[in-house]
Amino acid sequence: MTILLVDDEPALTNPLSRLLTREGYTVDVATDGRLGARLASEGNYNLLILDWMLPHVTGLQICQQVRDRGDSTPVLFLTAKDTLDDRVIGLDAGADDYLVKPFELRELLARVRALLRRVQTVDPSPTVSKLQVDDLELDLGNQLAHVHGKSIELSEKETQLLGYLMQHSGQVLTHSQIQAHLWGQNSAPSSNVLAALVRLLRRKIELPGSPELIQTVYGKGYRIGGRG
């Protein structure tokens, strides 16, 4: 497994790269965004670990460039940005997970293992290719939602979330159930990542003036369909 680590703080990259190497990973390090973007485009990495704020090219821009090429390599952001809106922006750029500085190295290792496990266990051929709840349709294979005749492109994580909710239409899915489905039983993301993902998905599929499609059941989780 090969990891690209892009961060401009040697006090972080030096011990982190040594730790990842001791864990058996091959690690390339870039200390500015321009080099990080070039390595990300040229290398065949299993995981990208990106600082958000970088010289020349930001981690956010690197992530967007990777996704624009159709590259689904997992991306883990390391950043001091901790607001819900920041998380929405990061997820919208295509990030898979988000770890706020300062963090424990053992937590980062757990997230690295979880992301790399998902790379190894992805099933490229879902048994159900299309779902429908009321006026909402989801094409899982093409990552497209259709609402009132409008086609909306979704990220892989948005597609997984929406598909999970639609497969359990009318049922309240708890936060822990959704997190386990999207990120694995023992690798829940840092706080607010699920809320940010739901907010981002709502912005895409819920039209202004129309009834909400994803319902929040406060203190429990989320539901699609079966209102009342």
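What you see is a predicted model, and the numbers here were worked out from it, not measured in a lab. (Residues numbered from 1 in each chain as written. Predicted model: local features only at pLDDT ≥ 70, side-chain atom pairs only at ≥ 80, totals over all residues. Heavy atoms only, no water.)

Enquirer: So what about the pattern of salt bridges? Which residues, and what values?
Expert: As a working rule, side chains carrying opposite charge can pair if their charged atoms are close by. All told, the structure shown has 11 salt bridges when counted by the stated rule. The partner of R199 in a salt bridge is D85, with the nearest N and O atoms 2.6 Å apart. Of this pair, R199 sits in helix 8 (residues 193–205) while D85 is found in helix 4 (residues 84–92), placing the two residues 114 residues apart along the sequence. Overall, the relative accessible area of 41% leaves D85 in the partly exposed class. (Salt bridge = Lys/Arg side-chain N within 4 Å of Asp/Glu carboxyl O. Helix = DSSP H or I, 4+ residues; strand = E, 2+ residues; numbered from the N terminus. Buried < 20%, exposed > 50% of the residue type's maximum accessible area, 1.4 Å probe, protein only.)

Enquirer: Report on the sheet that holds strand 12 (residues 221–224), specifying residues and quantitative values.
Expert: Read from one edge to the other, the open sheet built from 3 strands follows the order 10-12-11, with strand pairing classed as antiparallel. Each edge of the sheet is formed by a strand with only one pairing partner; in this case those strands are strand 10 (173–174) and strand 11 (214–217). Judged from the 4 bridges that link them, strand 11 and strand 12 form a sheet pairing that is antiparallel. Within the sheet, the bridge partner assigned to V217 lies in strand 12 and is G221. Sheet contacts for helix 6 (residues 156–167): strand 10, strand 11 and strand 12; angle to strand 12, the most-contacted strand, approximately 70°. (Pairing = 2+ DSSP bridges. Contact = heavy atoms within 4.5 Å. Axes fitted to C-alpha atoms, helices over the stretch in contact; angles between N-to-C directions.)

Enquirer: Explain the packing of aromatic side chains to me, using residue names and the numbers behind them.
Expert: Tallying each qualifying case throughout the model produces 3 aromatic pairs. Ring centres of F77 and Y98 lie 6.4 Å apart, and the angle between their planes is 70°; this geometry places the pair in the edge-to-face category. Residue F77 is located in strand 4 (residues 75–79), and its partner Y98 is located in strand 5 (residues 97–100); the two are separated by 21 residues in the primary sequence. With respect to class, F77 is no different from Y98; both count as buried. Aromatic rings pair up to connect W52, F77 and Y98 into one cluster. (Phe/Tyr/Trp six-rings, centres within 6.5 Å; stacked < 30°, edge-to-face > 60°.)

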